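Chains, contacts and geometry: an overview
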Amino acid sequence: MKIAFSPCPNDTFVFHAWVHNLIPGAPKLDVSYADIDITNNWASKTGSPSHDILKISYAALPWVLDEYALIPCGGALGRGCGPLLLTGSSEDSAENPVDPSFLSGRKVAVPSERSTAYLLFRLWAAQNVPGGFGEIIVMPFDQIMPAVRDGEVDAGLVIHEARFTYPSYGLNLMTDLGSWWEADTGLPIPLGAIIARRSLDLDQITAWTQASVEYAWAHPEASRDYVLSHAQEMDTAVVDAHIDLYVNSFTGNLGDDGYAAVSALLTRAADEGLVPRIDPAKLR
């Protein structure tokens, strides 16, 4: 069975047991490790899909729900874990790089145009950036902070362990988009979804995924070498903080709050013309 997910600690932690044949009855996995922008594009390709299971952004769901179903576990959704909008230090003392008006006409780097981070940014910017931002530049998430630091872009939308490491790049926090979303809606932030081809036994895939999550929680040290071998940030304290934040109760089961958050995000985005409108029944 072919699966694609990112090399980030939360994904490798979640799928360690299944990848290493520790789940009874589960098929052997052929794993592709790829940035979220790549997996989003893989999932939305027309014709016969090349992967059976993928980790994608929740924001990419509207383009793939005919071919793929949302698996209610294994993904990343929670509170206090949203993307951050960062800026560098302005040389012009008249400008405040943490004031949203700073973004008017500016270049902003994002990890994917079909990412939850980008949707949240667009929804926030519509309320907070007079005149709108300028150019959007898509780049791998681990290249965004260096690009902001080096002045290649004016601001960057960051995810994953960047939440813990951005101060070391000398960057400024303009806004925590997760906190904005939670204050505005009262709902958790839907970040990464696990999807599987609808032609497969979805109940069985759900059971295997849940078993892998439960194994990870029961044996947290078993995956340590595997997680560290793929982590972009090798500091073990950062890796542990990453897992603690992104692997939570919603990873075990989306539940009603999780589904409500996904529906709210995609409905708002569709109202703004940012994504195709979905049939909510296809989420379950």
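So, here is what we can say about the structure in this document. Just so you know, these numbers come straight off a predicted model, no measurement behind them. In this convention, every chain numbers its residues from 1, walking through the sequence in written order. In view of the model being predicted, local features appear only for residues whose pLDDT reaches at least 70, and side-chain atom pairs are presented and counted only at 80 or more, with totals across whole chains, interfaces and linings using the full set of residues. Where side-chain values are given, they derive from all heavy atoms of the structure, hydrogens and water being excluded.

**What about the pattern of salt bridges?**
As a working rule, side chains carrying opposite charge can pair if their charged atoms are close by. What counts, and what does not: Throughout this description, the term salt bridge denotes a Lys or Arg side-chain nitrogen within 4 Å of a carboxyl oxygen of Asp or Glu. The secondary structure listing takes helices from DSSP runs of H or I that are at least 4 residues long and strands from runs of E that are at least 2 residues long, numbered from the N terminus. Buried means the residue's accessible area, taken with a 1.4 Å probe over protein chains only, is under 20% of the maximum for its type, while exposed means over 50%, and partly exposed covers the values in between.
Enumeration over the complete set of coordinates arrives at 11 salt bridges. Residues Arg224 and Asp240 are paired through a salt bridge, measuring 2.8 Å at the closest nitrogen-oxygen approach. Of the two residues, Arg224 is situated in helix α8 (residues 224–230) and Asp240 in helix α9 (residues 236–246); the sequence distance between them amounts to 16 residues. The exposure class of Asp240 is partly exposed, given its relative accessible area of 28%.

**Considerations on unusual backbone geometry**
The phi dihedral of Asn21 falls on the positive side, at around 60 degrees, and the residue is not glycine. Mapped onto the elements of the fold, Asn21 is located in the loop between α1 (9–19) and β2 (30–33).

**A short note on the nonpolar core**
Soluble globular proteins tend to bury their nonpolar side chains together. We apply this condition: Joining through side-chain atoms within 4.5 Å is the link that ties buried Ala, Val, Leu, Ile, Met, Phe, Trp, Tyr and Cys residues into a set, and such a set is a nonpolar core. Working rule for contacts: check all heavy atoms of both residues, and any pair within 4.5 Å makes them a contact.
Counting 60 residues, the largest nonpolar core has Ile56, Leu61, Leu85, Leu103, Phe121 and Trp124 as the members making the most contacts within it. Beyond its immediate stretch of four places on either side in the chain, Trp124 contacts Leu85, Pro100, Leu103, Val129, Met174, Thr175, Leu177 and Trp180. Within the second largest apolar cluster, 28 residues are counted, among which are Val19, Ala26, Ala216 and Val227.

**Examining the sheet that holds strand β9 (residues 172–176)**
Sheet strands associate in pairs through backbone hydrogen bonding, adopting either a parallel or an antiparallel arrangement. To keep it simple, the criterion reads: In this description, strands pair whenever DSSP reports at least two bridges between them. What counts as an axis is a line fitted to C-alpha atoms, over the stretch in contact for a helix, and the angles between N-to-C directions run from 0 to 180 degrees.
Here 5 strands make up an open sheet; going across it, the order is β7-β6-β8-β5-β9 and the pairing mixed. Edge strands, defined here as strands with exactly one partner in the open sheet, are β7 (136–138) and β9. In this sheet, adjacent strand axes meet at a mean angle of 25 degrees when their direction is disregarded. For strand β6 (residues 108–110) and β7, the ladder comprises 3 bridges, and the chain directions are parallel. In the strand pairing of β7, Ala109 is matched with Ile137.

**Details of the sheet that holds strand β1 (residues 2–5)**
With respect to topology, 5 strands assemble into an open sheet ordered β2-β1-β3-β10-β4, the strand pairing being mixed. Of all strands in the sheet, those bounded by a partner on one side alone are β2 and β4 (68–78). Averaged over all neighbouring strand pairs, the angle between strand axes comes to 25 degrees, with direction disregarded. As paired strands, β1 and β2 are joined by 4 bridges and run parallel to one another. Within β2, the residue paired with Lys2 across the bridge is Asp30. Helix α11 (residues 255–271) contacts β4 and β10 (189–197) of the sheet and is inclined by roughly 105 degrees relative to β4.

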